[in-house]
Amino acid sequence: MRQLRWPYWLGVLLVAATLLLLPFALSAIGTAWVRITNLAILFVFLALGLNIVVGMAGLLDLGYVAFYAVGAYTWALLASPHFDVHWPAWAILPLGAALACVAGVLLGAPTLRLRGDYLAIVTLGFGEIVRIFLNNLSAPFNITNGPKGITRIDGLSLAGIQFNASETFLGIPFTAPIKYYYVLLILLLVILIINLRLADSRIGRAWVAIREDEIAAKACGIDTRNVKLLAFAMGASFGGIAGGMFAAIQGFVSPESFVLNESIMILAMVVLGGMGNVWGVIAGAMLLSFVPELLRYTVEPIQRALFGRMLIEPEVLRMLIFGAALVLTMRFRPAGLWPEKRHKQEMSVAS
Amino acid sequence: MNSVLLEARKLTKRFGGVIALKSVSLTIHRGEIYGLIGPNGAGKTTFFNVITGLYACDEGEVWLAGERLDLSRPHRVAAAGIARTFQNVRLFANMTALENVMVGRHAKGRAGVISAILRTRGERGEEAAMRAKAMELLRYVGIERRAYDLAGHLSYGDQRRLEIARALALEPKLLALDEPAAGMNATETEALRQLIEGLNRDGLTVLLIEHDMRFVMGLCHRIAVLDYGEKIAEGAPAEISRDARVIEAYLGQGAACP
Ligand SMILES: Nc1ncnc2c1ncn2[C@@H]1O[C@H](COP(=O)(O)OP(=O)(O)OP(=O)(O)O)[C@@H](O)[C@H]1O
Ligand SMILES: [Mg+2]
């Protein structure tokens, strides 16, 4: 253990330096890339949240995007000209997480006895119900502004810093996306630590036990009802936080952002990366967020250079590659690219 | 203290037309090794499932140490003090052996989500104690060198032992074992016998389903025999092996009237 110390800290230092400098390197390539990275980090939040429900507790949830929507609309409604209320971020972000938590329990409670396909169908319906609500809660009272969505949402402002505005600090230009990047990075660190700690705790083990064998888990004295509800609630709260940040960063939300396809995309991130393994899930989310963007920026120029014209639209190619990647993963690495290995304490065994 | 540990009163369980348990009553005393035998399909496993709350019974009640068990909540039954193993080993295959035992100790812990996230002193202390206890149990059943292997990768005999360790983690009042010697070779069976005897010597009450007659007869203090869901005999091993109804149940009617 001793000798491992300094290379470990050196590694941490290198990773930290890379992450801190990353937005400047990215904005040298193009400002859009910082924005893309920010969205990718939001998807990491979502994938980590869903990982608790699907990866750890083994409850197939196809409506996860509903919690993202709850978080986003909480922010949008409480910090925009729509109702002309402008609550501070430190109030609405936790509130969004809490409301998503409640939504998680509302979804979890009636589905406790369901598993597998049946659970998937009910959660899918739940996701759709939330989206349809958002679409239609515009009359008789205009709450969500229907399909038009909510615009001019307040950005994040904390400790006197307006995250939507660019500024120069010590001669270095900090654009809005770069500033958000650092906020997201801190949130990511917090969420990551929460996930790692939960995975290796009494409750985390109970989640995995339920996934592995629910009957045996009951016989071990686990209150499967409460523990499952806890998984739904915890997973949903990450979705709520991601949603809040999404609203703040985009400045605009509409039901279109919370469709079934998004749920499936998040699920694919969890499955592709390696269900249950926090690092695998992060890798999965990054991969599925960046590859499409890379395609968008490379497919067209490459085709024009090679054939002189566009043969395959980037969007078509994206779905093609996406489908092929999933099929290949399921064929050759069914547990994901970076599967959960519950061997981790092996390093610390003394004898 | 009352010497009765478990009392099952008139348990009846039906599966559609099949009556798996027909008003079965039995009493297990503290410190006993109590055997439950009977031909295939007699209702032995069903009896386990009913007293642990995994199957809702149609009639009857179960009392443990003077308290009536709430059979609708299996985790409460476990916490009240009945730990069990399964006829077809049910481990958490993708968790390590150590984690399996730690899950078995779930009901003894209190740490929730918040204390886990904050890694409070209490939570860390509880985790460390849980880990130490789980390790001790693995050592007790003789598989501590497999502590960090996935349960699914253990040999069959080790899996059965791991399942016992997991059940013991609950520090139960009653340990219920469903055919623990099934599929074991002679050496493993002997080791199992010594394990059960050792546990019993330390004061644990054991309820045992087993088909291996020599194993049951040598180990149990008292035995009940089920046949078609009915208790047809109860008593010391010597009495049971002489009982005409038991012989008939095992050898079939052909043996009684040639
Ligand atoms: N879940 C179930 N659904 C329907 N019938 C069941 C169920 N479980 C058990 N039975 C029936 O109840 C009867 C008793 O089964 P049980 O498993 O308790 O027998 P057993 O004594 O444990 O037999 P074995 O020695 O083969 O393990 C059998 O007729 C069986 O088919
Ligand atoms: Mg059986």
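Just so it is clear, the structure is predicted and the values come from calculations on it, not from any experiment. (Residues numbered from 1 in each chain as written. Chains lettered and ligands numbered in written order. Predicted model: local features only at pLDDT ≥ 70, side-chain atom pairs only at ≥ 80, totals over all residues. Heavy atoms only, no water.)

S.K.: When you look at the interface of chain A and chain B in this model, what are you seeing that I'm missing?
M.R.: Interface extent is often summarised as the accessible area lost during association of the parts. Tallying the contact residues gives 32 residues for chain A and 39 residues for chain B. Taking both partners together, chain A and chain B bury about 3300 Å²; carbon and sulfur atoms supply 60% of that area. Here chain A and chain B share four salt bridges between them. Across the pair A:Asp223 and B:Arg73 runs a salt bridge whose closest N-O atoms are separated by 3.4 Å. At the level of elements, α6 (176-199), α7 (202-212), α8 (214-219) and α9 (224-250) of chain A are the ones that each hand at least two residues to the side of chain A that touches chain B. When residues in the side of chain A that touches chain B are grouped by element, the largest group, eight residues, is from α7(A). Each residue belonging to the side of chain A that touches chain B can be placed in one class, and the counts come to 15 nonpolar, four polar and 13 charged. (Contact = heavy atoms within 4.5 Å. Buried area = accessible area lost by both parts, 1.4 Å probe. Salt bridge = Lys/Arg side-chain N within 4 Å of Asp/Glu carboxyl O. Helix = DSSP H or I, 4+ residues; strand = E, 2+ residues; numbered from the N terminus. Nonpolar A, V, L, I, M, F, W, Y, C, P; charged D, E, K, R; others polar.)

S.K.: What should I look at first to understand the site of ligand 1 in this one?
M.R.: Residue and element names in this part refer to chain B. Neighbouring ligand 1 are 14 residues; Lys 44, Thr 45, Thr 46, Gln 87 and His 211 lie closest to it. In the model, an oxygen atom of ligand 1 is placed 3.2 Å from a nitrogen or oxygen of the Ala 42 main chain. Here Gln 87 contributes a side-chain N or O atom positioned 2.8 Å from an oxygen atom of ligand 1. Out of a free accessible area of 630 Å², ligand 1 has 64% covered by protein chains. Of all elements in the fold, only β2 (18-29) and α1 (44-51) reach the threshold of two or more residues within the shell around ligand 1. Per element, the largest residue contribution to the shell around ligand 1 is three residues, and it comes from α1. A per-class count over the shell around ligand 1 returns five nonpolar, seven polar and two charged. (Near = heavy atom within 4 Å. Polar contact = N/O pair within 3.5 Å; in protein donor to acceptor, adjacent residues only side chain to side chain. Areas by Shrake-Rupley, 256 points an atom, 1.4 Å probe, with all protein chains shown as cover.)

S.K.: What exactly am I supposed to notice about the sheet that holds strand β7 (residues 174-178) of chain B here?
M.R.: Sheet strands pair via backbone hydrogen bonds, and the direction of the pair is either parallel or antiparallel. All names here are of chain B. Taking strand neighbours across the sheet as the criterion, the six strands line up as β6-β7-β8-β3-β9-β10 in an open arrangement whose pairing is mixed. Every interior strand has two partners, whereas the edge strands, β6 (82-84) and β10 (230-235), have only one. Ignoring which end each strand starts from, the neighbouring axes of this sheet average 20° apart. The pairing of β7 with strand β8 (residues 205-209) spans five bridges and is parallel. When the bridges of β8 are listed, Asp 178 appears paired with Ile 209. Packing of α1 onto the sheet brings it into contact with β3 (33-37), β6, β7, β8 and β9 (222-227), and relative to β8 it is tilted by some 140°. (Pairing = 2+ DSSP bridges. Axes fitted to C-alpha atoms, helices over the stretch in contact; angles between N-to-C directions.)

S.K.: Could you clarify how one ought to interpret the coordination of the magnesium ion (ligand 2) in this entry?
M.R.: Residue and element names in this part refer to chain B. Protein ligation of the magnesium ion (ligand 2) involves Thr 45 (OG1) and Gln 87 (OE1), the donor distances falling in the range 1.8 to 2.1 Å. Placement of the pair is Thr 45 in helix α1 and Gln 87 in the loop between β6 and α3 (97-104), with a sequence separation of 42 residues. Relative accessible area serves as the criterion here: at 25%, Thr 45 is assigned to the partly exposed category. Residue class for Gln 87 comes out partly exposed when judged on its relative accessible area of 30%. (Donors = N, O, S within 2.8 Å, 3.2 Å for Na, K, Ca; no water. Buried < 20%, exposed > 50% of the residue type's maximum accessible area, 1.4 Å probe, protein only.)

S.K.: Would you mind going over the sheet that holds strand β1 (residues 4-15) of chain B with me for this structure?
M.R.: Residue and element names in this part refer to chain B. Taken in spatial order, the four strands of this open sheet run β2-β1-β4-β5, and their pairing is antiparallel. Of all strands in the sheet, those bounded by a partner on one side alone are β2 and β5 (67-68). The sheet contact formed by strand β4 (residues 59-64) and β5 spans two bridges and is antiparallel. For Leu 64, the partnering residue across the bridge sits in β5 and is Glu 67. Helix-sheet contacts for α1 involve β1, β2 and β4, and the interaxial angle to β1 is about 115°.

S.K.: Help me understand the pattern of salt bridges, please; the structure alone is not making it clear to me.
M.R.: Pairs can form between side chains of opposite charge once their charged atoms are near each other. Taken as a whole, this structure holds 25 salt bridges over all chains when the rule is applied. Between A:Asp213 and B:Arg90 there is a salt bridge; the shortest N-O distance is 2.8 Å. Of this pair, A:Asp213 sits in the loop between α7 and α8 while B:Arg90 sits in the loop between β6 and α3, which puts the two residues in different chains. Classification of B:Arg90 as partly exposed rests on a relative accessible area of 29%. We note a salt bridge from B:Glu61 to B:Arg9, for which the minimum N-O separation is 3.3 Å. Of this pair, B:Glu61 sits in strand β4 while B:Arg9 is found in strand β1, placing the two residues 52 residues apart along the sequence. Judged by its relative accessible area of 21%, B:Glu61 falls in the partly exposed class.

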